[in-house]
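# Observations on the three-dimensional arrangement
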Amino acid sequence: MAGRLEGKIVHITGGGSGLGDAMARLFGKEGARVVVSDLNMEAAQGVADLIVQQGGDAIALAGDVSSREECESLIAETVKQMGGIDVLVNSAGVTPRYAPPEWDFEQTWDWVVSVNLKGTMMMSRFAVDEMKKQKSGSIVNLASIIGLVGYAQGISDGFNPYPHTKGGVVQMTRDMSIALAKEGIRVNSLCPGFTYTPLVTTLVEDADMHERLKSLHPMGRLGQPAEIANAALFLASDEASFITGANLPVDGGYTAQ
Ligand SMILES: NC(=O)c1ccc[n+]([C@@H]2O[C@H](COP(=O)([O-])OP(=O)(O)OC[C@H]3O[C@@H](n4cnc5c(N)ncnc54)[C@H](O)[C@@H]3O)[C@@H](O)[C@H]2O)c1
């Protein structure tokens with residue numbers, strides 16, 4: 001039986017860890033030819049090797065999405081090595097919780113914006129140039145519940161760049177989707193609730209915070225990466241052929257409250 005992404009060339013940024021890793025492995029099983037890129041080349045290579053071991057087709061690339069030159073070369077290498085690009089998944093992302101402690105609020109804000117928001121824009125910009133040539137493509141952005149609603153009381157001081165960038169990705173998704181609809185390019189985002197990946201490790205290591213986060217989701221738990229990957233697979237594939245400009249919560253009911 002043909003996979004749900006059979007033969008599609010998919011580039012996943014941040015593919016070396018967490019949600020990117022889960023999506024890369026699932027997409028590989030569904031017949032995609034996967035380009036796993038990450039700042040951490042060792043991690044990206046590990047994921048690509050696993051896909052190949054499981055009988056799939058994958059390569060790894062090193063690249064920093066906050067660099068214009070590296071975004072341009074990530075897409076150019078994808079086209080050179082795979083022959084084009086059908087799907088771009090913008091999963092590379094950072095949280096201010098992991099900023100070097102010596103940074104002040106402005107350096108931290110600039111860093112998170114340059115990766116989460118500007119990186120998503122720049123990767124899309126270069127991918128769209130290629131997708132326009134073939135008059136088809138699908139972009140899946142990793143936004144967040146925190147791009148749709150503010151942080152719950154006591155979790156942020158209002159100056160946290162993370163919700164600022166994720167709100168930007170939600171609006172970028174809408175705006176690009178309208179501009180690119182006539183080109184045959186769909187642009188959607190996923191808005192995951194808190195999901196068990198290295199990004200949230202420091203939060204869930206704190207037992208009180210872990211319980212609080214669980215209780216904020218009506219389902220009473222956090223998400224698993226595979227649950228986000230299943231939704232990404234749908235949005236990336238032709239099954240979602242009439243869906244563009246959507247920001248889909250995958251959040252155990254968090255944003256329904
Ligand atoms: N885990 C969650 O609860 C959650 C919820 C909502 C949204 N998200 C979003 O999903 C995406 C994936 O998050 P995750 O939980 O898998 O995090 P993660 O930390 O497990 O993985 C993020 C990956 O991005 C890579 N990365 C960081 N900076 C980069 C850069 N400048 N260039 C290229 N790669 C870079 C990291 O090396 C890492 O491999 C992020 O955009 C995140 O904001 C996560």
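Let me sum up the structure you'll find in this document. Numbers given for residues are sequential positions, taken from 1 along each chain in its written order. pLDDT decides what is reported in this predicted model: residues at 70 or higher carry local features, side-chain atom pairs at 80 or more are listed and counted, and totals for whole chains, interfaces and linings draw on all residues regardless. Calculation of side-chain values draws on the structure's entire complement of heavy atoms; hydrogens and water are dropped beforehand.

When we say a residue is near a molecule or strand, we mean one of its heavy atoms is within 4 Å of it. Around the ligand, 27 residues are found, and the nearest of them are Ser17, Leu19, Asp38, Tyr162 and Thr197. In protein, a polar contact means a hydrogen-donor-capable atom and an acceptor-capable atom, both N or O and within 3.5 Å, with residues adjacent in sequence counting only if both atoms are side-chain atoms; elsewhere, any N or O pair within 3.5 Å suffices. With respect to the ligand, the backbone of Leu39 contributes an N or O atom lying 3.3 Å from a nitrogen atom. Here an oxygen atom of the ligand sits 3.2 Å away from a polar atom, N or O, in the main chain of Ser91. Throughout, the Shrake-Rupley method with a 1.4 Å probe supplies accessible areas, and for residues the shown protein chains are the sole cover considered. Relative to its unbound accessible area of 830 Å², the ligand is 92% covered by the protein chains.

Let us look at a positive patch on the surface. Patch membership requires more than 30% relative accessible area and the absence of a salt bridge. Residues of like charge join within 9 Å; the nonpolar side chains Val, Leu, Ile, Met, Phe, Trp and Tyr join within 5 Å. Think of a salt bridge as a Lys or Arg side-chain nitrogen and an Asp or Glu carboxyl oxygen that are within 4 Å of each other. Only four residue types enter the tally: Lys and Arg on the positive side, Asp and Glu on the negative side, with His and both chain ends excluded. In plain terms, the charge of a residue is placed at NZ if it is Lys, CZ if Arg, CG if Asp and CD if Glu. Together, Arg68, Lys118, Arg125 and Lys132 line one region of the surface with positive charge. Considering every element that reaches the positive patch, the biggest residue donor is helix α4 (residues 105–134), with 3 residues. Inspection of the secondary structure assignment puts Lys118 in helix α4. Here's how the labels work: a residue is buried when its accessible area is under 20% of the maximum for its type, exposed when over 50%, partly exposed in between, all with a 1.4 Å probe on protein chains only. On the basis of relative accessibility, which here comes to 43%, the residue Lys118 falls in the partly exposed class. A helix here means a DSSP run of H or I that spans at least four residues, while a strand means a run of E at least two residues long, and both kinds are numbered starting from the N terminus.

As a further point, take the environment of Glu42. Relative to the helices and strands, Glu42 resides in helix α2 (residues 41–53). Using a relative accessible area of 71% as the deciding quantity, one classes Glu42 as exposed. With 20 residues separating them in the primary sequence, Glu42 and Ala62 have C-alpha atoms 8.7 Å apart.

The tally for this structure, following the rule as stated, stands at 9 salt bridges. Across the pair Asp238 and Lys8 runs a salt bridge, and its minimum N-O distance is 3.0 Å. With Asp238 in the loop between α8 (225–236) and β7 (247–250) and Lys8 in the segment before β1 (9–13), this pair connects stretches of sequence that are 230 residues apart. Notably, a salt bridge pairs Glu227 with Arg221, separated by 2.8 Å at the nearest N-O pair. We classify Glu227 as partly exposed; its relative accessible area is 32%.

Moving on, we come to the sheet that holds strand β3 (residues 57–62). Taken in spatial order, the 7 strands of this open sheet run β3-β2-β1-β4-β5-β6-β7, and their pairing is parallel. Two strands in the sheet have a free side with no partner beyond their single neighbour: β3 and β7. When strand polarity is set aside, the average angle formed by the axes of neighbouring strands in this sheet is 20°. Strand pairing requires that DSSP identify at least two bridges connecting the strands. The sheet contact formed by strand β6 (residues 185–192) and β7 spans 4 bridges and is parallel. From the neighbouring strand, Ser189 faces β7, where its bridge partner is Asn247. Seen against the sheet, helix α3 (residues 68–82) touches β1, β2 (33–38) and β3 and runs at an angle of roughly 150° to β3. Angles here are taken between N-to-C directions and fall from 0 to 180 degrees, while the axes themselves are lines fitted to C-alpha atoms, restricted in helices to the stretch in contact. Contacts are residue-level and defined by heavy atoms, with any inter-residue pair within 4.5 Å sufficient.

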